[in-house]
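As a plain string of letters, each chain reads:
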Amino acid sequence: MLFKLIINIFIVYGIWQFIKLLTSVNKTQEKFRQKMDDMGREQDTRSTVSSKKKGEGDGEYIDYEEIK
């Protein structure tokens, strides 16, 4: 009887720890996804700002040539 109780306590504890693990992984994934979205938005704003600056008449584009 006592042995079954101890086994059941360990099983419940194991399930509880597994649930905690899953929730922490889910939170971490959500934070990562949010940071990636923020970085993407920042990249988009940088590219639109830099493309506007290029179109304002900076001059003629000269191709890069490697000098040997």
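Relevant structure appears above.
Residues numbered from 1 in each chain as written. Predicted model: local features only at pLDDT ≥ 70, side-chain atom pairs only at ≥ 80, totals over all residues. Heavy atoms only, no water.

**Considerations on the overall build of the protein**
Next up, step 1: Counting its regular elements, the protein contains one helix and zero strands.
Next up, step 2: Taking all 68 residues of the protein together, 0% fall into the buried category.
Next up, step 3: Accessible surface, the protein as shown: approximately 7300 Å² in total, 62% of it carbon and sulfur. (Helix = DSSP H or I, 4+ residues; strand = E, 2+ residues; numbered from the N terminus. Buried < 20%, exposed > 50% of the residue type's maximum accessible area, 1.4 Å probe, protein only. Areas by Shrake-Rupley, 256 points an atom, 1.4 Å probe, with all protein chains shown as cover.)

**Thoughts on the pattern of salt bridges**
Next up, step 1: For the structure shown, the criterion picks out three salt bridges.
Next up, step 2: For Arg41, the salt bridge goes to Asp38, with nearest N and O atoms at 2.8 Å. Taken as a pair, Arg41 and Asp38 lie in helix 1 (residues 2-54) at a separation of three residues, close to a single helical turn.
Next up, step 3: The exposure class assigned to Asp38 is partly exposed, which follows from its relative accessible area of 34%. (Salt bridge = Lys/Arg side-chain N within 4 Å of Asp/Glu carboxyl O.)

**Concerning a nonpolar patch on the surface**
Next up, step 1: Judged by side-chain polarity, Leu2, Leu5, Ile6, Ile9 and Phe10 come together as a nonpolar surface patch covering roughly 520 Å² of accessible area.
Next up, step 2: Within the secondary structure layout, Phe10 lies in helix 1.
Next up, step 3: You can call Phe10 exposed: its relative accessible area is 56%. (Patch = residues over 30% accessible without salt bridge, like charges linked within 9 Å, V, L, I, M, F, W, Y side chains within 5 Å.)

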